[in-house]
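Structural features, examined
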Amino acid sequence: DFGIFVKVHDEIDGMVHVSDLSWDEIKCQEDLEKFKKGEKVKVKILEINAEKERISLGIKQLENDS
């Protein structure tokens, strides 16, 4: 309910928070329901936190806010 997990590399997973799916906040929840397990998606790495072993990813950042 809070985002999607994405396999970045063999043993490396990242997460796209629901707020990073679309620039339109209303569409974010709708977009979340469109993703299916195993589907390939393009993402942008937003932050790598080595200490917490977390990678934050974004989809909306691949497009301009319009």
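Residues numbered from 1 in each chain as written. Predicted model: local features only at pLDDT ≥ 70, side-chain atom pairs only at ≥ 80, totals over all residues. Heavy atoms only, no water.

Before going further, it helps to spend a moment on a negative patch on the surface. Together, Asp-1, Asp-24, Glu-25, Glu-30 and Glu-33 line one region of the surface with negative charge. The topology assignment puts Glu-25 in helix 1 (residues 25–34). By relative accessible area, which is 70% here, Glu-25 ends up exposed. (Patch = residues over 30% accessible without salt bridge, like charges linked within 9 Å, V, L, I, M, F, W, Y side chains within 5 Å. Areas by Shrake-Rupley, 256 points an atom, 1.4 Å probe, with all protein chains shown as cover. Salt bridge = Lys/Arg side-chain N within 4 Å of Asp/Glu carboxyl O. Lys, Arg positive; Asp, Glu negative; His and termini not counted. Charge placed at Lys NZ, Arg CZ, Asp CG, Glu CD. Helix = DSSP H or I, 4+ residues; strand = E, 2+ residues; numbered from the N terminus. Buried < 20%, exposed > 50% of the residue type's maximum accessible area, 1.4 Å probe, protein only.)

Another aspect to go through is the sheet that holds strand 2 (residues 12–17). Read across the open sheet, the four strands follow the order 1-2-4-3; overall the sheet is mixed. Among the strands making up the open sheet, the edge pair consists of strand 1 (3–9) and strand 3 (44–49). In this sheet, neighbouring strand axes are inclined to one another by 35° on average, regardless of whether the strands run parallel or antiparallel. Where strand 3 lies against strand 4 (residues 54–58), five bridges are found, and the strand directions are antiparallel. Each bridged residue has a counterpart across the sheet, and for Glu-47 the counterpart in strand 4 is Ser-56. (Pairing = 2+ DSSP bridges. Axes fitted to C-alpha atoms, helices over the stretch in contact; angles between N-to-C directions.)

On the secondary structure map, Lys-60 appears in the segment after strand 4. It is Asp-20 that comes nearest to the buried, bridge-free Lys-60 among opposite-charge side chains, at 4.1 Å. From its side chain, Lys-60 meets the backbone oxygen of Ser-19 in a polar contact 3.0 Å long. Once residues lying within four places of it in the same chain are set aside, the contact partners of Lys-60 are Ser-19, Asp-20, Leu-21, Ser-22 and Trp-23. (Polar contact = N/O pair within 3.5 Å; in protein donor to acceptor, adjacent residues only side chain to side chain. Contact = heavy atoms within 4.5 Å.)

Okay, the nonpolar core next. Among the nonpolar cores identified, the biggest contains ten residues, and these are Ile-4, Val-6, Val-16, Val-18, Leu-21, Cys-28, Leu-32, Ile-55, Leu-57 and Ile-59. Elements represented by at least two residues in this core include exactly strand 1, helix 1 and strand 4. With residues up to four places along the chain from it excluded, the contact list for Val-6 reads Ile-12, Asp-13, Gly-14, Val-16, Val-41, Val-43 and Leu-57. (Core = buried A, V, L, I, M, F, W, Y, C linked by side-chain atoms within 4.5 Å.)

Another point: the pattern of salt bridges. Throughout the structure, instances matching the rule amount to one salt bridge. We note a salt bridge from Asp-31 to Lys-34, for which the minimum N-O separation is 3.5 Å. You can see Asp-31 and its partner Lys-34 sitting in helix 1, three residues apart, about one turn around the helix. Since its relative accessible area comes to 12%, Asp-31 is described here as buried. Exposure remark for Lys-34: the relative accessible area of 55% places this residue in the exposed category.

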